[in-house]
Amino acid sequence: MPTAKKGDPVNFPSYSHEVLAVVMSVRDGRLCVLLWKRARSPFHGRWALPGGGVEPTERLRDAITGHLATKVDVRDVAHLEQLATHSAIDRDPRARVLATAYLGLVPSDVQPKLPSDTQWHPVDDLPRTAFDHHYFIDAAVARLRAKLSYTNIGFALAPLEFTIAELRDLFGAALGYELGATNLTRVLTRRHVIEPTERRAGPGQSGGRPATVYKFVARELTVTDPFAVLRPPR
């Protein structure tokens, strides 16, 4: 077999490449993912992650932000990070297509204007999805839940300001189990993840003292404790 020499032309195989977005948000107390219903084959009528192809001169991140803005009108993504690449030969029955997915998070108080074929779906009650998209969703849920332990990624799920009760409900929805408000406050303030503002919320229906309003110290991703793990109560 001849050995390639320095300067010889290299023939790289060419495959189609698509980008997908696993956009998640807490909606009505449940962690949800954004899906759109396919109107053509393959997998006609099934729900799929938003995304599309990558142009030859386009970077992956630019491609996915463009698809989100034009296809599902989602521009208020508070956090976006590369999640995984799948390269199974038969993942698309039409041709060999590589797929790179991104995890995107939208704060609970943001209301994107969604097309009629696009909906939020609870991650614990998903419909049948197209292609291999359920694997990407599983990976995104696992990534988010892990990062809630050791980073400040909760800022991307929460409004700019919130009470501890509201934050506890958001964390509980994202993690899939309830958290104690006192312990959550202690952990997040000790790590300088959240801090109190000078505002107080009005009393609830049951009355009581007005609750302190908090905010995240930083609204970009930082590692707060690389060894921390949030665990469900026993």
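Below: a short report on this structure.

Reading guide: rules and limits
- Residues numbered from 1 in each chain as written.
- Predicted model: local features only at pLDDT ≥ 70, side-chain atom pairs only at ≥ 80, totals over all residues.
- Heavy atoms only, no water.
- Helix = DSSP H or I, 4+ residues; strand = E, 2+ residues; numbered from the N terminus.
- Buried < 20%, exposed > 50% of the residue type's maximum accessible area, 1.4 Å probe, protein only.
- Pairing = 2+ DSSP bridges.
- Salt bridge = Lys/Arg side-chain N within 4 Å of Asp/Glu carboxyl O.
- Axes fitted to C-alpha atoms, helices over the stretch in contact; angles between N-to-C directions.
- Parallel < 35°, antiparallel > 145°, perpendicular 65-115°, else oblique.
- Contact = heavy atoms within 4.5 Å.
- Expected span 1.5 Å × (residues − 1).
- Phe/Tyr/Trp six-rings, centres within 6.5 Å; stacked < 30°, edge-to-face > 60°.
- Lys NZ or Arg CZ within 6 Å of the ring centre and 35° of its normal.
- Core = buried A, V, L, I, M, F, W, Y, C linked by side-chain atoms within 4.5 Å.

**Regarding the overall build of the chain**
Within the chain, the regular secondary structure consists of four helices and 10 strands. Reading the secondary structure of the chain in the N-to-C direction produces β-β-β-β-α-β-β-β-α-β-α-α-β-β. Each of the three principal axes of the chain carries a C-alpha extent, and together these read 80 × 45 × 35 Å. The buried share of the chain, taken over its 234 residues, is 44%.

**Description of the sheet that holds strand 8 (residues 162-163)**
Pairing in this open sheet of three strands is antiparallel, and the strands run 8-10-9 from one edge to the other. Pairing within the sheet leaves two strands with one partner each, and these edge strands are strand 8 and strand 9 (194-200). Strand direction decides the pairing type here: strand 9 and strand 10 (residues 212-216), joined by four bridges, are antiparallel. Counted as the bridge partner of Ile194 is Phe216 from strand 10.

**Here we look at the pattern of salt bridges**
Any two side chains of opposite charge can pair, so long as their charged atoms come close to each other. In this structure the tally under the stated criterion is nine salt bridges. Between Glu161 and Arg199 there is a salt bridge, with the nearest N and O atoms lying 2.8 Å from each other. Here the residue Glu161 occupies a position in the loop between helix 2 (133-150) and strand 8, and Arg199 occupies one in strand 9, the gap between them amounting to 38 residues. The network of salt bridges with common partners includes Glu18, Arg91 and Asp132.

**Some details on the packing of helix 3 (residues 164-175) against helix 4 (residues 181-190)**
Their axes nearest at 10 Å, the elements helix 3 and helix 4 cross at an angle of 95°. Viewed along their axes, helix 3 and helix 4 adopt a mutual orientation that is roughly perpendicular. Residues Ile164, Leu167, Arg168 and Phe171 of helix 3 lie in contact with helix 4, whose contacting residues are Ala181, Leu184, Thr185 and Leu188.

**Observations regarding the environment of Thr222**
Structurally, the position occupied by Thr222 is in the segment after strand 10. With relative accessibility at 33%, the residue Thr222 sits in the partly exposed group. Ignoring anything within four residues of it in the chain, the contact list for Thr222 reads Tyr150, Thr151 and Asn152.

**So, helix 2**
Residue pairs spaced three or four apart in an α-helix point in one direction, given the helix's 3.6 residues per turn. With 18 residues, helix 2 extends 26 Å from end C-alpha to end C-alpha; this agrees with the ideal 26 Å at 1.5 Å per step. Those residues of helix 2 not exposed but buried are His133, Phe136, Ile137, Ala140, Val141, Leu144, Lys147, Leu148 and Ser149. Against the buried residues of helix 2 lie strand 1 (16-27), strand 2 (30-37), strand 3 (47-48), strand 5 (79-86), strand 6 (97-105) and helix 3.

**Examining the packing of aromatic side chains**
Under the definition given, this model contains two aromatic pairs. Relative to Phe131, the ring of Phe43 lies with its centre 4.8 Å away and its plane at 65°, an arrangement referred to as edge-to-face. Remark: Phe131 occurs in the loop between strand 7 (118-122) and helix 2 and Phe43 occurs in the loop between strand 2 and strand 3; sequence separation between them is 88 residues. For Phe43, a relative accessible area of 26% gives the class partly exposed. For Phe131, a relative accessible area of 12% puts it in the buried group. Ring centres 5.4 Å apart and planes at 55° place the aromatic pair Phe162 and Phe216 in the tilted group. Note that Phe162 is positioned in strand 8 and Phe216 in strand 10, a separation of 54 residues in sequence. Taken as a pair, Phe162 and Phe216 share a single burial class, namely buried. Here the basic side chain of Arg96 rests over the ring of Tyr15, its NZ or CZ set 4.6 Å away from the ring centre.

**Concerning the nonpolar core**
Judged by nonpolar contacts, the single largest core of 44 residues is most densely connected at Val22, Met24, Leu144, Leu167, Phe171 and Ile194. Where this core is concerned, the elements lending two or more residues are strand 1, strand 2, strand 6, helix 2, helix 3, helix 4 and strand 10. Take this core: its biggest share by element is seven residues, from helix 3. Grouped together as the second largest cluster of nonpolar side chains are 15 residues, Val19, Val23, Ala63 and Val106 included.

Take it as geometry only, folks, not as evidence of what the structure does.
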